[in-house]
Amino acid sequence: MNLSSKTVIVHAHVVTPATTDLLPISDMPLLDLPDQAIIIEDGQVQAVVPSSEAPVGNEWNVYDVRHSIVAPGFVEPHTHSVFAGDRSMEFHSRIQGEAYADQQKKGGINATVEATRAASDDELSMHLQYWLNVFLCQGTTSIEVKSGYGLCHEQEMRLLRVIHRAKQKYDAVATYLGAHAIPRGVRREDYIEEMITETMPAIKENNLASFVDVFISSVGYTVPEADAIFGKAFELGFQLKAHLWEMEHDDSRVLLEKYPFACIDHLEFAQEEDIQMAISKNTVPVLLPLTAWHLGYNIRDTYNLIKQVDGYYAISTDFNPGTSFAPSTWQAITVGHIAYGLPVHELFLAATVYAARALNRTDIGTITPRSRADIIVLGIPSLSWLGYLHGINPVEMVFVNGNNVIDRRNVE
Ligand code: NIG
Ligand code: FE
């Protein structure tokens, strides 16, 4: 392989959002440009020009990708990818009718916490990197990873260090979700105090997370508790996101009004004023089709509210061992389309540019000049095969920072 940092991808049928501006989804320009050359230098897209204008010379690594669709790598703004243990039996009981909320009382998140605490750093690192690689092979080039299965100072710090280690290899964005569940055997006010006075300052000092998240729910944290956590997080300079309205409605809208959230996620029980408030504050609603599908909820009502206010949304897998054991953005797109009827061109925008904006990022999510050259080559003839072709991985090639890290073409 030529080690030059100059790469050109030729005969590319490029499909990309045209801008990273947070426009309403009805106005977001989606480019569909056959036979293009993507010119990449130092890990960045320099230009997209017709193939006939591609640069020539020995210094260029040339990839010919004719007959495929070339898109920005998918972005996952919501995953719980660092954990240990096995909750498959709980999942099957749920399929037989047991409620997720009831399962929280005996197992649930705290069952994963027990297994995660018992695992070594190396085991957790190995598991995490395995899952991140599964995502990458399926075209997800940037991924948010939450802590949240440690639920005490030491353990949450440890999980964030494990995520930090993965950053050497993956474009991983770390989120502190200490407020994921109430740990067993601890008074909730003591744990909240620990998060506020000890853990968040230590995370900031060691630069171990970009975001702070809270699971606001009858089985998680109350709105006043979340207010106290977000208040401290905001003061310390963390970016904010929240699990909202997953199982019921509550008055979390006061938090939206008070703090600048990059995104709010789940939203199955959101109301119109909630969505209005989010869009008016440039907060990205994140829909999680796989979780809704696993739990028997519907994202269609929330989707309709978003359309009603001419807004936008991202999607994500919510990959976790409890409610979404499916590390595949492609699968989230498929379920979003087949189970909930979301249009595929919107799902594509939701998994690229809006997912990037949900993470406050403008360097990813498009193939445009100065974007990171995180690019995927899909073995499909047009975008209309999204949500149509499923049960296989259509990703043929993946480029990360301009480097070709996966090539599954011509596999014998
Ligand atoms: O996003 N809502 C809370 N957290 C996860 C579930 C985590 C688990 O069950 O382990 C979710 O659905
Ligand atoms: Fe989640």
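Just so you know, these numbers come straight off a predicted model, no measurement behind them. (Residues numbered from 1 in each chain as written. Chains lettered and ligands numbered in written order. Predicted model: local features only at pLDDT ≥ 70, side-chain atom pairs only at ≥ 80, totals over all residues. Heavy atoms only, no water.)

(A) Region of the structure containing the site of ligand 1. Residues in close proximity to ligand 1 total 16 residues, the closest being Arg 87, Tyr 100, Tyr 149, Glu 246 and Thr 323. Taking His 243, its side chain carries an N or O atom lying 3.2 Å from an oxygen atom of ligand 1. Bound to the protein, ligand 1 loses 100% of the 320 Å² it would expose on its own. When atom positions are compared with the pocket grids, ligand 1 is found to occupy the largest cavity. Along the lines of polarity and charge, the residues of the shell around ligand 1 split into four nonpolar, nine polar and three charged. (Near = heavy atom within 4 Å. Polar contact = N/O pair within 3.5 Å; in protein donor to acceptor, adjacent residues only side chain to side chain. Areas by Shrake-Rupley, 256 points an atom, 1.4 Å probe, with all protein chains shown as cover. 1 Å grid on protein atoms, 1.4 Å probe; cavity = no way out; pocket = protein on both sides within 12 Å on 5 of 7 lines; lining within 4 Å. Sits in = over half its atoms within 2 Å of the grid points. Nonpolar A, V, L, I, M, F, W, Y, C, P; charged D, E, K, R; others polar.)

(B) Quick peek at empty space enclosed by the protein. Throughout the structure, instances matching the rule amount to one cavity of 30 Å³ or more. Looking at the largest cavity, its volume works out to about 100 Å³. Residue lining of the largest cavity: 13 residues in total, with His 80, Tyr 100, His 180, Asn 320 and Thr 323 positioned closest to the centre. By residue class, the composition of the lining of the largest cavity is four nonpolar, seven polar and two charged. (Points joined across faces, edges and corners; volume = space filled by probe spheres on them.)

(C) How the structure looks around the environment of Arg 184. By the secondary structure assignment, Arg 184 is in the loop between strand S8 (171-179) and helix H6 (188-205). Relative accessible area serves as the criterion here: at 40%, Arg 184 is assigned to the partly exposed category. When the C-alpha atoms of Arg 184 and Leu 151 are compared, they prove to be 9.1 Å apart, with 33 residues separating the residues in sequence. Leaving out residues up to four positions away in the same chain, Arg 184 has contacts with Gln 104, Lys 105, Lys 106, Gly 107 and Asn 110. A distance of 3.3 Å separates a polar side-chain atom of Arg 184 from the backbone oxygen of Lys 105. A distance of 3.5 Å separates the side chain of Arg 184 from the backbone oxygen of Gly 107, its partner in a polar contact. (Helix = DSSP H or I, 4+ residues; strand = E, 2+ residues; numbered from the N terminus. Buried < 20%, exposed > 50% of the residue type's maximum accessible area, 1.4 Å probe, protein only. Contact = heavy atoms within 4.5 Å.)

(D) A look at the pairing of strand S15 (residues 395-400). Burial analysis of S15 places five of its six residues in the buried class, the great majority of the element. Pairing between S15 and strand S16 (residues 403-407): four bridges, direction antiparallel. Across the sheet, the residue bridging to Val 398 is Ile 406, located in S16. (Pairing = 2+ DSSP bridges.)

(E) Up close: the packing of aromatic side chains. Applying the stated criterion to the full structure yields 18 aromatic pairs. Centre to centre, the rings of Tyr 303 and Tyr 313 are 5.6 Å apart; their planes meet at 90°, and the pair counts as edge-to-face. Of this pair, Tyr 303 sits in helix H11 (residues 300-308) while Tyr 313 sits in the loop between H11 and strand S13 (314-315); the two residues are ten residues apart in sequence, bridging distant segments of the chain. In this pair, the class of Tyr 303 matches that of Tyr 313, namely buried. Above the ring of Tyr 221, the side-chain terminus of Arg 188 is found at 5.9 Å from the ring centroid. (Phe/Tyr/Trp six-rings, centres within 6.5 Å; stacked < 30°, edge-to-face > 60°. Lys NZ or Arg CZ within 6 Å of the ring centre and 35° of its normal.)

(F) Representation of the side chain of Arg 361. Mapped onto the fold, Arg 361 is located in the loop between helix H14 (353-358) and strand S14 (375-378). When its relative accessible area of 16% is taken as the criterion, Arg 361 is described as buried. Excluding residues within four positions of it along the chain, Arg 361 makes contact with Asp 171, Val 173, Ala 356 and Arg 372.

(G) Focus on the environment of Leu 151. Tracing the chain through its elements places Leu 151 in the loop between strand S7 (140-146) and helix H5 (153-166). Along the backbone, Leu 151 and Pro 183 are 32 residues apart, and their C-alpha atoms lie at a distance of 5.8 Å. Discounting residues that sit within four places of it in the chain, Leu 151 has contacts with Asn 110, Val 113, Arg 117, Glu 156, Gly 178, His 180, Ala 181, Ile 182, Pro 183 and Tyr 191.

(H) Up close: the sheet that holds strand S9 (residues 211-215). Taking strand neighbours across the sheet as the criterion, the eight strands line up as S6-S7-S8-S9-S10-S11-S12-S13 in an open arrangement whose pairing is parallel. Only two strands of the sheet have a single neighbouring strand rather than two, namely strand S6 (74-76) and S13. Bridge count for S6 against S7 is three bridges, and the pairing is parallel. Its bridge partner being in S7, Glu 76 is matched across the sheet by Ile 143. Seen against the sheet, H6 touches S8 and S9 and runs at an angle of roughly 155° to S8. (Axes fitted to C-alpha atoms, helices over the stretch in contact; angles between N-to-C directions.)

This is a description of form; function is not addressed.
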